[in-house]
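Structural overview
Chain residues, written in single-letter form:
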Amino acid sequence: GKSTLAARLGALADWTVLRSDELRRELDGLPAGVGAPAGVDAGRYRPEAVDRVYTALLERAGRLARLGHSVILDAGWVDARHRERARTAAAAAGAETIELCCDAPAALVRRRIGARLAAGTDPSEATVEVAEALRARFEPWPEALLVDTDAPLDTVVRTAADHAR
């Protein structure tokens with residue numbers, strides 16, 4: 001749900017969407033396109049590799065914000081430390097931060113991941129096991145508006161857009 005929401009909201013508001021899945025592939029010198037299943041805390045998802053992606057994401061967003069662009073950062077934001085770094089980077093760029101936390105029932109997330117992997121058209125590398133592990137370690141995010149991505153997509157986009165105004 002989060003990448004779908006980011007893409008729709010970006011198109012609606014003419015905002016740049018920076019997607020961690022795509023940036024990770026770029027940083028690792030992999031071709032754009034479909035991802036491959038990945039494990040938690042392994043390979044390109046070791047904690048230091050994840051930190052590198054968030055650092056690059058925030059640097060790129062900061063450059064765009066300083067040029068006057070509005071930016072959507074499509075990432076998991078599991079770690080509160082990364083969220084705080086995003087707030088700091090936005091403030092340094094003179095940008096406002098609007099925080100949205102997408103949520104959906106675990107069964108729906110499993111179905112969406114299965115469909116995405118079967119279609120083979122998305123750069124996300126998350127498997128059901130990865131999603132469940134990340135959900136279990138997701139740190140509280142009281143600053144964010146909780147967006148239920150189980151609702152109809154137009155409702156989800158409208159809720160997010162209304163919050164962003």
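Residues numbered from 1 in each chain as written. Predicted model: local features only at pLDDT ≥ 70, side-chain atom pairs only at ≥ 80, totals over all residues. Heavy atoms only, no water.

**Overview of the pattern of salt bridges**
Close approach of charged atoms allows side chains with opposite charge to pair. If you walk through the whole model with that rule in mind, you get 18 salt bridges. For R19, the salt bridge goes to D74, with nearest N and O atoms at 3.5 Å. Remark: D74 occurs in strand β2 (residues 71-74) and R19 occurs in strand β1 (residues 16-19); sequence separation between them is 55 residues. Its salt-bridge partner being R25, residue E125 comes within 3.3 Å of it at the nearest N-O pair. A residue pair is termed long-range when its members are at least 10 positions apart, and E125 in the loop between α5 (106-119) and α6 (128-137) and R25 in helix α2 (residues 20-27) qualify at 100 residues. The pair formed by E125 and R25 is uniform in burial state, with each residue classed as buried. Among the charged side chains, a network of salt bridges with common partners joins K2, R19, D21, R24, D74 and D122. (Salt bridge = Lys/Arg side-chain N within 4 Å of Asp/Glu carboxyl O. Helix = DSSP H or I, 4+ residues; strand = E, 2+ residues; numbered from the N terminus. Buried < 20%, exposed > 50% of the residue type's maximum accessible area, 1.4 Å probe, protein only.)

**Observations concerning the packing of α2 against helix α3 (residues 47-66)**
For any two helices packed against each other, one specifies the crossing angle of their axes together with the interaxial distance. Their axes nearest at 10 Å, the elements α2 and α3 cross at an angle of 105°. Here α2 is positioned roughly perpendicular relative to α3, judged by the angle of their axes. Where α2 abuts α3, its residues S20, L23, R24, E26 and L27 lie against R52, V53, A56, L57 and R60. Among the residues forming the contact of α2 with α3, the class breakdown is 5 nonpolar, 1 polar and 4 charged. (Axes fitted to C-alpha atoms, helices over the stretch in contact; angles between N-to-C directions. Parallel < 35°, antiparallel > 145°, perpendicular 65-115°, else oblique. Contact = heavy atoms within 4.5 Å. Nonpolar A, V, L, I, M, F, W, Y, C, P; charged D, E, K, R; others polar.)

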